[in-house]
Amino acid sequence: ELHAAFDQPGSALLGRDAAERFGVSSGVKVTEGPEACRGAQVLIDFTRPEATMTHLKVCQQYGIRPVIGTTGFSDEQHQAIKELSSRQAVVLAPNMSVGVNIFFRLAELAAGLMNQGYDIEIIEAHHRAKVDAPSGTALKAGERVAKAAGRQWPQSAVWQRHGYTGARNDDDIGFSVIRGGDIIGDHTVMFAGQGERIELTHRSSSRTTYATGALRAAVFVVEQPSGLFDMPDVLGLSTLKAE
């Protein structure tokens, strides 16, 4: 049940019904500040790091469990989120899509099996307005693949190549970033060996998948007293193993 909705000051949505864009009425008006969340059980946050940190203060004040899809946090901000999770449950995931999180797990399984003799590259593409790069989803894929392959993270990451770079190192995980048009989000993990390669790709064609996953996370987080959780916890993927 929708309890409140809010947006940044100056938004054209302020004062309008939160579901107006979908042609229905929710009975909830969009307000300017997160104080409207008082009395809610869960806050779903897809904003920017600075805004999220402000919203978390409201969550702490009112005992609201946050579901965070925001990316681009600094180490200090990550630490603050971790500290909050010691008192109340938090779901923090760079991508709420069910498919993306299955993609993560498949990439981990592949990396564990192809940790020798295969070069790993990660390619991601997003719309022209996205402000952070690589995407949080690409970074999470890199982190998980590195761990599964026994490589150091983030030391193994290669963020850019230009000029005379020399041959790649065996443990490198290269990142390529595309920004253009209205691409919602494409991610590929490539395992390139001698004479063959495997590519695992997830493409988003609708942002509905993120909303559906966030709602599943909301149902999950209200049942947890405390702790920091990711979407694999929500979906039960953490224990999935190759047979």
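Above this text sits the structure in question.
Residues numbered from 1 in each chain as written. Predicted model: local features only at pLDDT ≥ 70, side-chain atom pairs only at ≥ 80, totals over all residues. Heavy atoms only, no water.

**Q** Can you walk me through the sheet that holds strand E5 (residues 90–92) in this structure?
**A** The strand order across the open sheet built from four strands is E3-E4-E5-E11, with neighbouring strands paired in parallel fashion. Two strands bound the open sheet, and with one partner strand each, they are strand E3 (42–45) and strand E11 (228–229). Direction of pairing for E3 relative to strand E4 (residues 65–68): parallel, over a ladder of four bridges. Its bridge partner lying in E4, Val42 is registered against Arg65. Across the face of the sheet, helix H2 (residues 75–85) comes into contact with E4, E5 and E11 while running at roughly 150° to E5. (Pairing = 2+ DSSP bridges. Helix = DSSP H or I, 4+ residues; strand = E, 2+ residues; numbered from the N terminus. Contact = heavy atoms within 4.5 Å. Axes fitted to C-alpha atoms, helices over the stretch in contact; angles between N-to-C directions.)

**Q** Would you mind showing me how to read the side chain of Arg144 here?
**A** When you line up the elements, Arg144 lands in helix H4 (residues 136–149). Residue class for Arg144 comes out buried when judged on its relative accessible area of 11%. Discounting residues that sit within four places of it in the chain, Arg144 has contacts with Asn101, Phe104, Glu108, Asp230 and Pro232. (Buried < 20%, exposed > 50% of the residue type's maximum accessible area, 1.4 Å probe, protein only.)

**Q** When you look at the sheet that holds strand E9 (residues 185–192) in this model, what are you seeing that I'm missing?
**A** The strands that make up a sheet are held in pairs by hydrogen bonds between backbone atoms, and each pair lies either parallel or antiparallel. Spatial ordering of the open sheet is given by E7-E8-E6-E9-E10, a layout of five strands whose pairing is mixed. Two strands in the sheet have a free side with no partner beyond their single neighbour: strand E7 (157–158) and strand E10 (197–204).

**Q** Sorry, what's going on with the nonpolar core here?
**A** A general tendency of soluble globular proteins is for nonpolar side chains to be buried together. Core analysis: the largest hydrophobic core is formed by 20 residues, its most contacted members being Ile120, Ile122, Val145, Ile173, Phe175, Val189 and Phe191. Among the nonpolar cores identified, the runner-up in size contains 14 residues, and Ala89, Ala93, Ala214 and Ala217 belong to it. (Core = buried A, V, L, I, M, F, W, Y, C linked by side-chain atoms within 4.5 Å.)

**Q** It is not clear to me how the pairing of E10 should be interpreted in this structure. Could you clarify?
**A** Walk down a regular strand and you will see the side chains alternate between the two sheet faces. Relative to E10, E9 is paired through eight bridges, and the arrangement is antiparallel. By the bridge assignment, His187 is partnered in E10 with His202. Between the end of E9 and the start of E10, which pair antiparallel, lie four residues, with Gly195 showing a positive phi angle near 85°.

**Q** What should I look at first to understand the pattern of salt bridges in this one?
**A** Pairing between side chains becomes possible if they bear opposite charge and their charged atoms approach one another. With the rule as written, the count across this model stands at 13 salt bridges. Of the charged contacts in the structure, one is a salt bridge between Arg179 and Glu124, with a shortest N-O distance of 2.8 Å. Of this pair, Arg179 sits in strand E8 (residues 173–179) while Glu124 sits in strand E6 (residues 119–126), and the two are 55 residues apart along the sequence. Each of Asp119, Glu121, Arg161 and Arg168 takes part in salt bridges that share partners, so that together they form one network. (Salt bridge = Lys/Arg side-chain N within 4 Å of Asp/Glu carboxyl O.)

Any functional reading would require information that these geometric values do not contain.
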